[in-house]
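# What the coordinates show
Given next are the chains, with one letter for each unit.
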Amino acid sequence: MGFRLSSVLQAKQIIQKPFSNTKDVPRGFLAVYVGERKMKRFVIPVSYLNQPSFQELLCQAEQEFGFDHPMGGLTIPCREDVFVDLISRLNAL
């Protein structure tokens with residue numbers, strides 16, 4: 001029940017693009033900040049927002065931050081490696 005290496009590489013290509021501001025986010029994508037202490041910015045497809053596993057992260061963000069996100073964008077309080085693993089699995093669907 002593993003995921004393919006190609007989907008992991010593809011997910012990393014999507015989320016690690018060096019977008020510097022909101023103008024750099026392509027249509028159909030969303031910038032999110034991930035991390036427990038040091039936040040890293042990721043750009044993900046908005047279609048991931050409908051996935052149950054991603055919605056769990058959104059619930060965690062709501063519980064921790066409410067609607068006041070310190071980075072100015074959607075902040076997700078989880079480890080970066082956990083987030084990359086989730087995105088890799090979602091990309092394989």
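Quick caveat, the model's predicted, so the values are computed rather than measured.

What counts as what
- Residues numbered from 1 in each chain as written.
- Predicted model: local features only at pLDDT ≥ 70, side-chain atom pairs only at ≥ 80, totals over all residues.
- Heavy atoms only, no water.
- Helix = DSSP H or I, 4+ residues; strand = E, 2+ residues; numbered from the N terminus.
- Contact = heavy atoms within 4.5 Å.
- pLDDT = per-residue confidence, 0-100.
- Buried < 20%, exposed > 50% of the residue type's maximum accessible area, 1.4 Å probe, protein only.
- Pairing = 2+ DSSP bridges.
- Salt bridge = Lys/Arg side-chain N within 4 Å of Asp/Glu carboxyl O.

Along the chain, the position of Ile 76 falls in strand 3 (residues 74-76). Separated by 43 residues in sequence, Ile 76 and Tyr 33 have C-alpha atoms that sit 6.0 Å apart. Apart from the residues within four sequence positions on either side, Ile 76 is in contact with Val 32, Tyr 33, Val 34, Gly 35, Phe 54, Leu 57, Ala 61 and Phe 83.

With that out of the way, let us pick up the confidence of the model for the chain. Of all residues in the chain, 69% attain a pLDDT of 70 or more, and the chain-wide mean is 76. Between residues 1-11, whose pLDDT stays under 50, and residues either more than four places distant or in other chains, the model counts 14 contacts.

Our next topic: the pairing of strand 2 (residues 40-45). A large share of strand 2 lies buried, amounting to five of its six residues. Note: strand 1 (residues 29-34) against strand 2, six bridges, orientation antiparallel. Across the sheet, residue Ala 31 finds its bridge partner in strand 2, namely Val 43. Between strand 1 and strand 2, which pair antiparallel in sequence order, lie five residues; one of them, Gly 35, sits at a positive phi of approximately 150°.

What follows is about the pattern of salt bridges. Two side chains that carry opposite charge are able to pair once their charged atoms sit near each other. Counted under the stated rule, the structure contains three salt bridges. Between Glu 80 and Lys 40 there is a salt bridge; the shortest N-O distance is 3.4 Å. Residue Glu 80 is located in helix 3 (residues 80-92), and its partner Lys 40 is located in strand 2; the two are separated by 40 residues in the primary sequence. Glu 80 gets classed as partly exposed once you look at its relative accessible area, which sits at 31%. When the shortest N-O distance is used, the salt bridge between Arg 79 and Asp 81 registers 2.9 Å. A relative accessible area of 46% means that Asp 81 is categorised as partly exposed.

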